[in-house]
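Okay, here's what each chain looks like letter by letter:
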Amino acid sequence: SSSSSLLCIDNCLHPKETATGARAVAKALGLDKYLQGDAYEMDLFLEPNSIDVLWCDFGVGSNMADFCSKGGAWSSITPGGFLICHSALTNQGTRDWLEGIREGKSQSMTGIPSDEYVESSLLEPRLYFQNSITILQKWKQGKRGSSFCNAKEEKDGNSH
């Protein structure tokens, strides 16, 4: 059995953010060893195929393609794993990236090969801001549309 990993990325630039207190809470819980680096220097600690769920809540906006490709975010996600972006529907920069994803634009435009993911977005209509998430599930190249079980089996080296 392999272990799973979750990486959450946030920043402290928003005027009403609550991420600043995360380090103190993590330290009190003995979990501060799991807090790493700066969101914009992630390529310093992301390893290929090392993350099962990457939660992004740091307003990367129009830099999303670079974050996914040059920053190493997409390559760090395991086959069958997820890239989850907060506020991709209401943040204009991130929304532009999302529309490229939905239209199957090239990797140079989105940072992600168009045959390696399926996308779904969820919206909370009663809120005007901070009201959505976009979920991309990673598939092996050319395997888009196969079942999650098959992607998981391939990751673990098992097949039927």
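Note: the structure precedes this text.
This one's a predicted model, so the numbers in the text were calculated from it and none came from an experiment.

A. Representation of the side chain of Thr110. If you trace the backbone, Thr110 turns up in helix α5 (residues 107–110). Contacts of Thr110, omitting those with residues within four sequence positions, involve Met64, Ala65, Cys68, Trp97, Gly100, Ile101 and Lys105.

B. Focus on the nonpolar core. Leu54, Cys68, Trp74, Leu83, Trp97, Ile112 and Leu136 are the most contacted members of the largest nonpolar core, which totals 20 residues. Every element with two or more residues in this core is listed here: β2 (51–57), α2 (64–68), α3 (73–76), β3 (77–86) and α4 (92–102). Apart from the residues lying within four places of it in its own chain, the contact partners of Trp74 are Cys68, Leu83, Gly111, Ile112, Pro113, Glu116, Tyr117, Leu136, Gln137 and Lys138.

C. Representation of a nonpolar patch on the surface within the structure. A surface patch of nonpolar side chains, amounting to about 420 Å² of accessible area, comprises Val25, Leu29, Leu31 and Tyr34. Tracing the sequence through the fold places Val25 in helix α1 (residues 22–28).

D. How the structure looks around the environment of Leu46. Considering the arrangement of structural elements, one finds Leu46 in the loop between α1 and β2. Of the residues examined, Leu46 reaches a relative accessible area of 14% and is grouped as buried. Between the alpha carbons of Leu46 and Trp74 there is a distance of 9.9 Å; along the sequence they are 28 residues apart.

So, how was this worked out
Residues numbered from 1 in each chain as written. Predicted model: local features only at pLDDT ≥ 70, side-chain atom pairs only at ≥ 80, totals over all residues. Heavy atoms only, no water. Helix = DSSP H or I, 4+ residues; strand = E, 2+ residues; numbered from the N terminus. Contact = heavy atoms within 4.5 Å. Core = buried A, V, L, I, M, F, W, Y, C linked by side-chain atoms within 4.5 Å. Buried < 20%, exposed > 50% of the residue type's maximum accessible area, 1.4 Å probe, protein only. Patch = residues over 30% accessible without salt bridge, like charges linked within 9 Å, V, L, I, M, F, W, Y side chains within 5 Å. Areas by Shrake-Rupley, 256 points an atom, 1.4 Å probe, with all protein chains shown as cover. Salt bridge = Lys/Arg side-chain N within 4 Å of Asp/Glu carboxyl O.

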